[in-house]
Amino acid sequence: MREVLAQLRDALNDADLASARRAVAHLKASGGGTASAGTANWAKNVPKALLNAAVETLGYFGGDAIEDLLDFIADDDPDVAQNAIDQLELALQDITLGDRERAEVIKSVSTVLTDAETLDWMLSSALDARHSVGIETLAFIAEYGTPEAREMVPSYIDLFTGGEGGTTIAEAKAWLAENPDAPDDEAFYGGQAASK
């Protein structure tokens, strides 16, 4: 565990995401899991402080580490899960992410989150999107999200469509047919190129 902590610190000091990912893979292996096993079968065997160190290290890399942070948002320890959610919120503010990239993360998160405040933030983030992406994201959440997430979708459809798209996915799709994406949406919602 000390070795993994040293690897996480070195990755952070070197600003090296690949090294951070290797350290997290070692962390999972030390807990009895694999790099792709999720938290259920390994995180219980890893000290909370080490889990939080991994989350904070990954959080440093912003939008590039979003997929890595998803492993921690459903952790059994509420402090670790909240830390991961906080880092995820910061990462989603990365200006290089376009609405499509953010939507994929929001869809993934919607299948595990139940906290109303976090869901409110997530659904609000989903509304910062071109029409097609926003409606597609809300439709996904309505079908695959947690019960708590699904319950919130109708009010967000109403909000996203300015009160003109009803509250059901069928109504939202009909609204989208009448309100397609604008020609300049990619420039507006596509994310800014990272500076060299």
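This text gives an overview of the structure that appears in the document. All values derive from a computational prediction rather than experimental measurement. Positions within a chain are numbered from 1, following the residues in the order the chain's sequence is written. Where local features are concerned, this predicted model is filtered to residues with pLDDT of at least 70; where side-chain atom pairs are given and counted, the filter is 80 or more; whole-chain, interface and lining totals use all residues. Remark: hydrogens and water are excluded; side-chain values derive from all non-hydrogen atoms of the structure.

So, the side chain of threonine 57
The criterion, for reference: We count a stretch as a helix when DSSP gives it H or I for four or more residues in a row; a strand needs E for two or more, and each element gets its number in order from the N terminus. Whether two residues are in contact is decided by their heavy atoms, any of which lying within 4.5 Å being enough.
As for its position among the elements, threonine 57 is in helix H3 (residues 48-60). Excluding residues within four positions of it along the chain, threonine 57 makes contact with Leu8, Leu12 and Ala20.

Concerning empty space enclosed by the protein
Put simply, the test is: Using a 1 Å grid laid over the protein atoms alone, points where a 1.4 Å probe fits but cannot get out form a cavity; open sets with protein on both sides within 12 Å along at least 5 of 7 lines form a pocket; any residue with an atom within 4 Å of a point counts as lining. Grid points are joined across faces, edges and corners, and a volume is the space filled by probe spheres set on the points. Any residue outside Ala, Val, Leu, Ile, Met, Phe, Trp, Tyr, Cys, Pro, Asp, Glu, Lys and Arg is labelled polar, Gly included; the first ten of those are nonpolar and the last four are charged.
Evaluated as defined, the whole model comprises one cavity of 30 Å³ or more. For the largest cavity, the calculated volume is near 30 Å³. Along the walls of the largest cavity sit Asp99, Arg102, Ala103, Ser125, Ala126, Asp128, Ala129 and Thr137, which together make up its complete lining. Residue assignment for the lining of the largest cavity shows that the elements contributing at least two residues are helix H6 (99-110) and helix H7 (116-126). Of all the elements, H6 adds the most residues to the lining of the largest cavity, at three residues. When grouped by side-chain class, the residues that make up the lining of the largest cavity number three nonpolar, two polar and three charged.

Observations regarding the nonpolar core
What counts here: Each nonpolar core is a collection of buried residues, namely Ala, Val, Leu, Ile, Met, Phe, Trp, Tyr and Cys, held together in the definition by side-chain atoms within 4.5 Å. Think of it in three bands: with a 1.4 Å probe and only protein chains considered, a residue is buried below 20% of the maximum accessible area for its type, exposed above 50%, and partly exposed in between.
With 55 residues, the main nonpolar core has Phe72, Leu88 and Met122 as its most contacted residues. Beyond its immediate stretch of four places on either side in the chain, methionine 122 contacts Ile106, Val109, Ser110, Leu113 and Ile141.

Notes on the layout of surface pockets
Reported here for the largest pocket is a volume of approximately 290 Å³. What lines the largest pocket is a set of 15 residues, among which Asp94, Ile95, Leu97, Arg102 and Asp128 lie closest to the centre. Mapped onto the lining of the largest pocket, the elements with two or more residues apiece are helix H5 (78-92), H7 and helix H11 (185-189). Considering each element in turn, the lining of the largest pocket owes the most residues, three residues, to H11. Broken down by class, the residue content of the lining of the largest pocket amounts to seven nonpolar, four polar and four charged.

Structural notes on helix H1 (residues 2-14)
The line we're drawing: In this scheme, a helix's expected span is set at 1.5 Å multiplied by one less than its residue total.
Its 13 residues place the ends of H1 18 Å apart at the C-alpha level, agreeing with the 18 Å of an ideal helix rising 1.5 Å per residue. Residues of H1 that are buried make contact with helix H2 (17-30) and H3. Positive backbone phi, at 50°, marks alanine 15, one or two positions downstream of H1.

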